[in-house]
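Understanding the architecture of this molecule
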Number of protein chains: 2
Amino acid sequence: MAEKEISQAVIGRLPRYFRYLGDLKERGIERISSQELSDIMKVTASQIRQDFNNFGGFGQQGYGYNVEYLYDEISKILGIDKQHSLILIGAGHLGQAIANYTNFNKRGFVIEGAFDINPALHGTKIKEVEIRPIEEISAFVKEHKTEIAVLTVPKDQATKLAAMLSECGIKAIWNFAHVDLDVPENVQVENVHLSDSLMKLSYNINRYEKEGK
Amino acid sequence: MAEKEISQAVIGRLPRYFRYLGDLKERGIERISSQELSDIMKVTASQIRQDFNNFGGFGQQGYGYNVEYLYDEISKILGIDKQHSLILIGAGHLGQAIANYTNFNKRGFVIEGAFDINPALHGTKIKEVEIRPIEEISAFVKEHKTEIAVLTVPKDQATKLAAMLSECGIKAIWNFAHVDLDVPENVQVENVHLSDSLMKLSYNINRYEKEGK
């Protein structure tokens, strides 16, 4: 188990390691050298060794890394060895896409409630979960001790909802609204700003063209 | 205009500056000091000054920064001062969500084609764009000189499609599939790995709880 502080840079790389190790595990591969992992992941073997040293994942000379051990350790560090409860706020296309993403459920992220501002949706279901009015969020979160709220609503709504969610004890907000949320430090926020991502792509097209082929 | 190389770290921050400057512009604000911008964006004024110095955005003593000038400069650097053509591959919920995201259109990202593997969808429309069979992608991209392909398909399909798209001259792939794409260096890739993002959130919940309140 990792007790010492792991840098944010390493943390940022863990989900990718986890993904590749999961693929290897599924293919029945029990061990892998840092060089082999380096080849498939296109990062240097030295980077891999340094990263894995952070949580005691030392490879053995002539053996390499134990795939399942590393997979399990990373899963513990990421906190995905246990279930997390989610509510979905905003039941539009993006909310539907997230609800239907089977991988999340497989990884232990369970959608327990869904909410939308549109009365026409109330009582209908999204992936077997009933859609409720947003006025019921606060009571729901308190009763179910919901950990994570997924926000797929317009930005003006997102700001108000984030304040309300913080007050009723949510632990984290997965924010798809195109705005930075101002929440207390006990509420973790992870943003998915799609426009920002698209702009970076546009920048890279531009740069490649300017630099010439 | 920026001629010198701008670091990827600065580029990564540009969309966020662009977003805040756009908000200020909409509110009719003509100028702002680095300190005021620092307060609303929660980054240091010194960071802002350094970043803006990269593209000649020097503030003037007692005046501050010209909001519209900075907005326009950043827009040019990001390549969003001109239109970009997109095709959507995968017309499921995520594809629908992206097509319906009005902001993209406003920023000049125009969806010109949509494709899906499901025959039941062929001939139906997504945001006024007809959904076609994926077999037609190659001819479409060549004819329309499409710049960007948005991939919202399962990972095994994504790998094959990326190879095909690279061959028919696509400039960039905005990849939502949960896999790293292997494409030539003239094809720009920007990944939106939602699972990775959710795992980071899970890590931060875990860390906050371990550290105690």
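Analysis parameters
- Residues numbered from 1 in each chain as written.
- Chains lettered and ligands numbered in written order.
- Predicted model: local features only at pLDDT ≥ 70, side-chain atom pairs only at ≥ 80, totals over all residues.
- Helix = DSSP H or I, 4+ residues; strand = E, 2+ residues; numbered from the N terminus.
- Buried ≥ 20, exposed ≤ 12 C-beta atoms within 10 Å, placed from the backbone.
- Contact = placed C-beta atoms within 7 Å.
- Domains from an automatic or database assignment.
- Least-squares fit on C-alpha atoms with pLDDT ≥ 70 in both.
- Core = buried A, V, L, I, M, F, W, Y, C linked by C-beta atoms within 7 Å.
- Pairing = 2+ DSSP bridges.
- Expected span 1.5 Å × (residues − 1).
- Nonpolar A, V, L, I, M, F, W, Y, C, P; charged D, E, K, R; others polar.
- Axes fitted to C-alpha atoms, helices over the stretch in contact; angles between N-to-C directions.
- Parallel < 35°, antiparallel > 145°, perpendicular 65-115°, else oblique.
- Left-handed = near helix turned anticlockwise from the far one by under 90°.

Brief notes about the overall build of chain A
- When its secondary structure is counted, chain A shows 9 helices and 9 strands.
- On the principal axes, the C-alpha backbone points of chain A span a range of 60 × 50 × 35 Å.
- A total of 213 residues make up chain A; the buried ones form 37% of that total.
- At a minimum sequence separation of 6, the contacts of chain A that also span at least 24 residues come to 57%.

Focus on the environment of V189(B)
Residues and elements named next belong to chain B.
- Mapped onto the secondary structure, V189 falls in strand 9 (residues 188-191).
- For the pair V189 and I148, spaced 41 residues apart in sequence, the C-alpha separation works out to 9.5 Å.
- With residues up to four places along the chain from it excluded, the contact list for V189 reads I173, N175, L181 and V183.

Describing the domain arrangement of chain A
- Along its sequence, chain A is carved into domain 1 (8-77) and domain 2 (84-196).
- Each of domain 1 of chain A and domain 2 of chain A was reduced to a C-alpha centroid, and the two centroids are 32 Å apart.

Some details on the relation of the copies chain B and chain A
- When chain B is fitted onto chain A, the two copies agree to an RMSD of 0.0 Å after a turn of 180° and an axial shift of 0.0 Å. Between the two chains, the operation in question is that of a two-fold axis. Scanning chain B for the C-alpha nearest the rotation axis identifies H93(B), at a separation of 2.6 Å.
- With an isologous cut-off of 70% or more, the 100% of interface residues of chain B that recur at the interface of chain A puts this contact in the isologous class.

Some words on the nonpolar core
- Grouped together as the largest cluster of nonpolar side chains are 106 residues, with contacts concentrated most on L88(A), I89(A), L151(A), L88(B), I89(B) and L151(B).
- Not counting chain neighbours up to four residues away, the residues in contact with L88(A) comprise G95(A), I98(A), A99(A), I111(A), A114(A), I126(A) and V150(A).

So, the sheet that holds strand 4 (residues 109-116) of chain A
- Here 7 strands make up an open sheet; going across it, the order is 5-6-4-3-7-8-9 (chain A) and the pairing mixed. Bordering the open sheet on either side are strand 5 (125-126) and strand 9 (188-191) of chain A, each of which pairs with just one other strand.

Description of helix 8 (residues 155-167) of chain B
Residue and element names in this part refer to chain B.
- Taking 1.5 Å per residue, 13 residues should reach 18 Å; helix 8 reaches 19 Å between its end C-alpha atoms and fits that length.
- Looking at helix 8, one finds that the buried residues are A158, L161, A162 and L165.
- Buried-residue contacts for helix 8 involve strand 3 (84-89), helix 7 (137-144), strand 7 (148-151) and strand 8 (172-175).
- Once helix 8 finishes, G169 follows within two positions and takes phi at roughly 95°, a positive value.

Things to note about the interface of chain B and chain A
- Contacts between the two partners involve 46 residues from chain B, matched on the other side by 46 residues from chain A.
- When residues of the side of chain B that touches chain A are traced back to their parent elements, those giving at least two are helix 1 (8-26), helix 5 (93-99), helix 6 (102-106), strand 8, strand 9 and helix 9 (194-211) of chain B.
- Examining the composition of the side of chain B that touches chain A, we find that 14 residues originate from one element, helix 9 of chain B, more than from any other.
- The residue inventory of the side of chain B that touches chain A, partitioned by class, reads 22 nonpolar, 16 polar and 8 charged.

Focus on the sheet that holds strand 4 (residues 109-116) of chain B
- As summarised here, the arrangement of the 7 strands in space is 5-6-4-3-7-8-9 (chain B), forming an open sheet in which the pairing is mixed. Each edge of the sheet is formed by a strand with only one pairing partner; in this case those strands are strand 5 (125-126) and strand 9 of chain B.
- Of the pairings in the sheet, the one linking strand 7 of chain B to strand 8 of chain B comprises 4 bridges and is parallel in character. Residue pairing for strand 8 of chain B: A149(B) is matched across the bridge by I173(B).
- Contacts from helix 9 (residues 194-211) of chain A reach strand 3, strand 4, strand 7, strand 8 and strand 9 of chain B, with the element oriented near 165° to strand 9 of chain B.

Considerations on the pairing of strand 3 (residues 84-89) of chain A
Residue and element names in this part refer to chain A.
- With 5 of its 6 residues buried, strand 3 lies for the most part within the structure.
- Looking at chain direction, strand 3 and strand 7 (residues 148-151) are connected through 4 bridges and run parallel. Looking across to strand 7, one finds that L88 is bridged to V150.

Things to note about the environment of S34(B)
Residue and element names in this part refer to chain B.
- Mapped onto the elements of the fold, S34 is located in helix 2 (residues 34-41).
- On the neighbour-count criterion, S34 (20 C-beta atoms within 10 Å) is buried.
- A sequence separation of 15 residues divides S34 from R49, and the C-alpha atoms of the two residues are 6.7 Å apart.

Remarks on the packing of helix 1 (residues 8-26) of chain A against helix 9 of chain B
- Taken N-terminus to C-terminus, the directions of helix 1 of chain A and helix 9 of chain B make an angle of 125°; their axes are 9 Å apart at the nearest point. Taken together, the axis directions place helix 1 of chain A and helix 9 of chain B in an arrangement best described as oblique. In terms of crossing hand, the pair formed by helix 1 of chain A and helix 9 of chain B is right-handed. Residues I11(A), G12(A), P15(A), R16(A) and F18(A) of helix 1 of chain A touch helix 9 of chain B, and the partners they reach there are S195(B), D196(B), M199(B), K200(B) and Y203(B).
- Taken together, the residues of the contact of helix 1 of chain A with helix 9 of chain B break down into 5 nonpolar, 2 polar and 3 charged.

Some remarks on unusual backbone geometry
Residues and elements named next belong to chain A.
- Phi is positive for K127, which is not a glycine, with a value near 50°.
- Residue position: K127 is located in the loop between strand 5 and strand 6 (129-133).
- Overall, the presence of 15 C-beta atoms within 10 Å leaves K127 in the partly exposed class.

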